[in-house]
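So you can see what is in the structure, the chains are spelled out below.
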Amino acid sequence: MASEVPTPRDRKRQGRHYTPPALARFLAHRLLRYAVPARAGVLRVLDPACGDGELLFAVHAEVTARFPDIRLLLTGYDLDAKALAIARDRAAVAGIAGRWRRADFLAAEARLATGSFDVVITNPPYVRTQQLGGSTAQLLRKQFGLYGRIDLTHPFVATLPRLLATGGVLGLLCANRFLTTKAGANIRGLLLAELSPVELYDLGDTKLFAAAVLPAITIARRESYRGGCRYVSAYEAIGQCSGGKSLFEALTDERGSIVEHNGRTFVIQVGRLVTGREPVTNRDMRAAGTDSGASTSADDPAPRAGRSAGTGGAGRYVDTASEPQAGWRMSHEAVDSWLTRVSAATWRTFGDVARIRVGVKTTADRVFISDRWAEADPCPEPELLLALITHRDLAPWRVSRNRDLRVLYPYELACARRTPIDLAEFPRAAAYLLANKETLAGRRYLVESGRAWFEIWVPQRPHLWQEPKLVFPDISDRPRFALDRSGAVVNGDCYWISLPDLARAPAEATRLAYLLMGVANSALGLRFYDAVCGNRLYSGRRRWITQYVSRLPLPDPMAARSTAVIDLVREFVEGCPPDPAAYAELDERVASAFGVRDRLPDGPDTDHR
């Protein structure tokens with residue numbers, strides 16, 4: 001019987017993203033390279049969220065073809081009675097024996113004996129906290145020892161190491177966001193605590209699922225972490241010529257290649273897994289007895305309070321496999337060498353010198369944001385309608401607002417802290433807000449947090465809007481860091497850095513802002529992002545969020561080569577927009593500031609202009 005495809009509504013509510021057959025076969029094929037029966041001739045296999053059974057049937061097909069003498073014991077759990085009925089029918093037609101349990105696996109797993117299975121293969125449901133509900137999320141955190149933001153993938157993964165026999169193998173298919181985000185630290189920690197990852201596939205924007213899911217496959221054995229995990233990624237490349245292999249053939253190659261898949265071209269990169277890469281500054285090395293002898297100029301801008309700062313030059317990168325908060329990345333010798341040389345010239349990171357803030361989030365944009373306020377009846381007082389910058393207004397270097405988009409900003413602008421306006425002082429705004437009170441008061445999370453019903457969810461620091469600031473979009477295929485002096489509010493699809501946060505003296509803050517923009521908008525900045533952060537979305541788009549941007553490197557701003565970068569960026573900001581030759585000059589000057597004249601090796605040529 002054909003697999004039934006869940007509706008978009010089912011996928012969002014229940015996390016049901018059924019595994020495509022070709023992907024299920026690939027996962028089963030790679031997984032069984034490491035599977036060892038617990039006792040002669042018997043392989044015990046579990047899928048704790050089996051849906052219509054696709055993954056278990058893929059294991060059966062692979063074992064039948066390659067290991068005909070092995071007897072399979074297949075067990076599948078799921079809450080969806082309809083999906084389980086399909087699985088049973090498919091098994092009956094194919095003559096496959098299996099145990100199909102309609103049950104909540106997270107409730108049933110405690111009754112299963114430790115070491116019950118030799119293989120676990122799973123595509124667990126992906127349901128975010130807001131769909132789970134706060135109380136359910138809290139219970140799951142407490143039950144499984146999780147922390148931070150979670151989705152249902154996290155507790156599923158938490159149960160699995162105990163159920164695997166020693167030497168047993170896990171094949172996990174889930175969203176690739178766990179590789180690099182802070183929210184994925186639970187899964188990274190679980191996979192390293194009692195398991196040893198042996199193969200990892202970041203399948204990126206291959207669109208193997210009908211839904212907008214960027215998948216990753218992790219294959220891990222039940223043993224102490226040994227390192228040396230093979231890491232493969234697949235992302236779309238524009239303008240590249242593909243070879244004759246299929247996507248899944250290329251994923252098993254020992255070297256990278258370029259392939260065509262569903263009419264699109266993908267670069268397959270192969271390296272090893274690095275489970276955490278953190279910069280170690282000279283201060284850290286001196287503490288370890290490896291003083292580099294470098295010093296810091298007394299005139300250097302002070303680092304942000306509470307942040308550790310390097311002391312200029314000679315940093316290095318080390319593995320921190322025991323630190324799950326650090327994101328995972330792909331690496332090989334050439335990339336490590338390049339990063340080490342960049343780190344050796346790194347003065348501080350963006351996060352050391354800058355407070356990176358997200359823009360405002362109203363959670364009711366239809367009420368608060370418009371480019372037709374003149375048509376509103378009543379129209380709020382003009383002093384509350386502030387110009388708004390969104391990602392559509394951002395190009396490298398400058399902000400160019402294409403329409404008069406404004407946000408109703410119900411706060412006292414002169415206050416350093418969030419201070420709502422007195423509605424009695426703004427009768428037109430009060431009337432407008434009252435006309436929309438049903439929508440605004442329906443935001444229970446806002447009211448329960450102690451806010452007034454007419455507030456926005458993330459207001460940030462009102463008094464800083466009038467100061468010069470760097471602004472860049474959350475999602476973009478290339479870096480677009482721009483300087484804004486208009487005093488406009490920044491929308492929640494962007495991030496921003498206030499220049500007064502960089503240094504007390506305005507001239508020094510401007511110099512440092514130009515250096516930040518120069519590095520971020522350069523080829524080196526983009527390549528560093530891809531090598532260290534690597535959170536790419538569809539069609540080359542990247543997430544430029546705080547945890548990634550804060551890792552970008554800065555050379556010593558007092559050095560002559562950094563001054564050359566600053567001078568060129570000043571021309572871009574205050575003069576004519578750069579042409580391709582000017583961009584090439586920027587790339588050359590930034591590379592020179594870091595002492596890295598050559599390209600980042602073993603990666604596709606990336607045009608970020």
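Residues numbered from 1 in each chain as written. Predicted model: local features only at pLDDT ≥ 70, side-chain atom pairs only at ≥ 80, totals over all residues. Heavy atoms only, no water.

Digging into the overall build of the protein chain
Piece 1. When helices and strands are tallied, the protein chain shows 23 helices and 26 strands.
Piece 2. Evaluated residue by residue, the protein chain yields a buried proportion of 56% over its 609 residues.
Piece 3. Working note: accessible area of the protein chain is about 25,900 Å², and carbon and sulfur atoms make up 50% of it. (Helix = DSSP H or I, 4+ residues; strand = E, 2+ residues; numbered from the N terminus. Buried < 20%, exposed > 50% of the residue type's maximum accessible area, 1.4 Å probe, protein only. Areas by Shrake-Rupley, 256 points an atom, 1.4 Å probe, with all protein chains shown as cover.)

Here's the deal with the sheet that holds strand S22 (residues 482–484)
Within a beta sheet, neighbouring strands are joined by backbone hydrogen bonds and run either parallel or antiparallel to one another.
Piece 1. Strands sit in the order S15-S24-S20-S22-S18 across an open sheet of 5 strands; the sheet is mixed. Both outer strands of the open sheet, strand S15 (357–358) and strand S18 (397–398), are each paired with one neighbouring strand and no more.
Piece 2. The sheet contact formed by strand S20 (residues 469–473) and strand S24 (residues 494–498) spans 5 bridges and is antiparallel. If you follow Pro473 over to S24, its bridge partner there is Cys494. (Pairing = 2+ DSSP bridges.)

Focus: the pattern of salt bridges
Piece 1. Per the counting criterion, the structure on display carries 28 salt bridges.
Piece 2. Between Arg162 and Glu109 there is a salt bridge, and its shortest N-O distance comes to 3.0 Å. In this pair, Arg162 is assigned in helix H8 (residues 153–163) and Glu109 in the loop between helix H5 (105–108) and strand S4 (117–122), connecting sequence segments 53 residues apart.
Piece 3. Taken together, the salt bridges that share partners define one network made up of Arg30, Arg33 and Glu199. (Salt bridge = Lys/Arg side-chain N within 4 Å of Asp/Glu carboxyl O.)

Some points on helix H20 (residues 523–533)
Piece 1. The element H20 is extensively covered by neighbouring structure, given that 10 of its 11 residues are classed as buried.
Piece 2. Looking at H20, one finds that the buried residues are Ala523, Leu524, Gly525, Leu526, Arg527, Phe528, Tyr529, Ala531, Val532 and Cys533.
Piece 3. The N-terminus of H20 is capped by Ser522, whose side-chain oxygen sits 3.4 Å from the backbone nitrogen of Leu524.
Piece 4. Phi for Gly534, located one or two positions after H20, is positive at around 65°. (Polar contact = N/O pair within 3.5 Å; in protein donor to acceptor, adjacent residues only side chain to side chain.)

Overview of the packing of aromatic side chains
Piece 1. Applying the stated criterion to the full structure yields 20 aromatic pairs.
Piece 2. On the numbers, 6.1 Å between centres and 85° between planes, the contact of Phe481 with Trp544 is edge-to-face. Taken together, the positions of Phe481 in the loop between strand S21 (475–476) and S22 and Trp544 in the loop between strand S25 (542–543) and helix H21 (546–549) put the pair 63 residues apart, joining distant regions of the chain. Grouping residues by exposure puts Phe481 and Trp544 together as buried.
Piece 3. Each residue in the set Phe472, Phe481, Tyr495, Tyr529, Trp544 and Tyr548 is aromatic and connected to the rest through ring pairs, giving one cluster.
Piece 4. It is Arg357 that lies over the ring of Trp496; its NZ or CZ is 5.4 Å from the centre. (Phe/Tyr/Trp six-rings, centres within 6.5 Å; stacked < 30°, edge-to-face > 60°. Lys NZ or Arg CZ within 6 Å of the ring centre and 35° of its normal.)

Details of helix H19 (residues 506–520)
Because each turn of an α-helix spans 3.6 residues, side chains separated by three or four positions in sequence point in the same direction.
Piece 1. Between its first and last C-alpha, H19 extends 21 Å over 15 residues, near the 21 Å set by a 1.5 Å rise per residue.
Piece 2. Of all the 15 residues making up H19, 11 are buried; the element is thus mostly covered by neighbouring parts of the structure.
Piece 3. If you check which residues of H19 are buried, you get Ala509, Arg511, Leu512, Ala513, Tyr514, Leu515, Leu516, Met517, Gly518, Val519 and Ala520. (Expected span 1.5 Å × (residues − 1).)

Thoughts on the environment of Leu586
Piece 1. When you line up the elements, Leu586 lands in helix H23 (residues 580–593).
Piece 2. Relative accessible area serves as the criterion here: at 0%, Leu586 is assigned to the buried category.
Piece 3. C-alpha of Leu586 to C-alpha of Leu524: the two residues are 62 residues apart in sequence and 9.9 Å apart in space.
Piece 4. Ignoring any residue separated from it by four or fewer positions in sequence, one finds Leu586 in contact with Trp397, Gly518, Asn521, Ser522, Val565, Leu568, Val569 and Phe572. (Contact = heavy atoms within 4.5 Å.)

Let's talk about the packing of helix H12 (residues 333–344) against H20
To characterise two packed helices, one gives the angle between the axes of the helices and the distance between these axes.
Piece 1. Running from amino to carboxyl end, H12 crosses H20 at an angle of 125°, the nearest separation of the two axes being 11 Å. As the angle between them shows, H12 and H20 are arranged oblique. Where H12 crosses over H20, the handedness of that crossing is left-handed. Facing H12, whose interface residues are Val335, Trp338, Leu339 and Val342, H20 presents Leu524, Arg527, Phe528, Ala531 and Val532.
Piece 2. The residue makeup of the contact of H12 with H20, split by class, is 8 nonpolar, no polar and 1 charged. (Axes fitted to C-alpha atoms, helices over the stretch in contact; angles between N-to-C directions. Parallel < 35°, antiparallel > 145°, perpendicular 65-115°, else oblique. Left-handed = near helix turned anticlockwise from the far one by under 90°. Nonpolar A, V, L, I, M, F, W, Y, C, P; charged D, E, K, R; others polar.)

Some thoughts on unusual backbone geometry
Piece 1. Look at the link from Asp377 to Pro378: it is a cis peptide, with omega at 0°.
Piece 2. Backbone geometry at Asn262 places phi at a positive 50°, although glycine is not the residue there.
Piece 3. The exposure class assigned to Asn262 is exposed, which follows from its relative accessible area of 63%.
Piece 4. A positive phi angle, close to 60°, is found at Thr363, a residue other than glycine.

Remarks on the nonpolar core
Piece 1. Core analysis: the largest hydrophobic core is formed by 56 residues, its most contacted members being Phe350, Leu502, Met517, Leu554 and Leu586.
Piece 2. If you tally residues by element for this core, the top one is H19, at 9 residues. (Core = buried A, V, L, I, M, F, W, Y, C linked by side-chain atoms within 4.5 Å.)

A short note on the sheet that holds strand S16 (residues 369–370)
Piece 1. Across the sheet, 4 strands lie side by side as S16-S19-S17-S23; this open sheet has mixed pairing. Each having just a single partner strand, S16 and strand S23 (489–490) make up the two edges of the open sheet.
Piece 2. Direction of pairing for S16 relative to strand S19 (residues 406–408): antiparallel, over a ladder of 2 bridges. Looking across to S19, one finds that Ile369 is bridged to Val407.

A closer look at the environment of Asp493
Piece 1. Structurally, the position occupied by Asp493 is in the loop between S23 and S24.
Piece 2. Sequence separation of Asp493 and Thr390 is 103 residues, and the distance between their C-alpha atoms is 6.4 Å.

A short note on the side chain of Thr19
Piece 1. Its place among the elements puts Thr19 in the loop between helix H1 (8–14) and helix H2 (21–31).
Piece 2. At 3.1 Å, the side chain of Thr19 forms a polar contact with the side chain of Asn123.
Piece 3. Thr19 has contacts with Ala24, Glu54, Leu55, Asn123, Leu173 and Phe209, leaving out every residue within four places of it along the chain.

Notes on the side chain of Thr180
Piece 1. Along the chain, the position of Thr180 falls in the loop between strand S5 (164–175) and helix H9 (185–193).
Piece 2. In this structure Thr180 comes out as buried when scored by relative accessible area, which is 11%.
Piece 3. Residue contacts for Thr180: discarding those within four places in its chain leaves Arg188, Gly327, Trp328, Cys533, Asn535, Gln547 and Tyr548.

Considering the packing of H8 against H9
Piece 1. Between H8 and H9, the shortest axis-to-axis distance is 9 Å and the interhelical angle comes to 10°. Put simply, H8 runs roughly parallel to H9. Contacts between H8 and H9 involve Thr153, His154, Val157 and Ala158 from the first element and Asn186, Ile187, Leu190 and Leu191 from the second.

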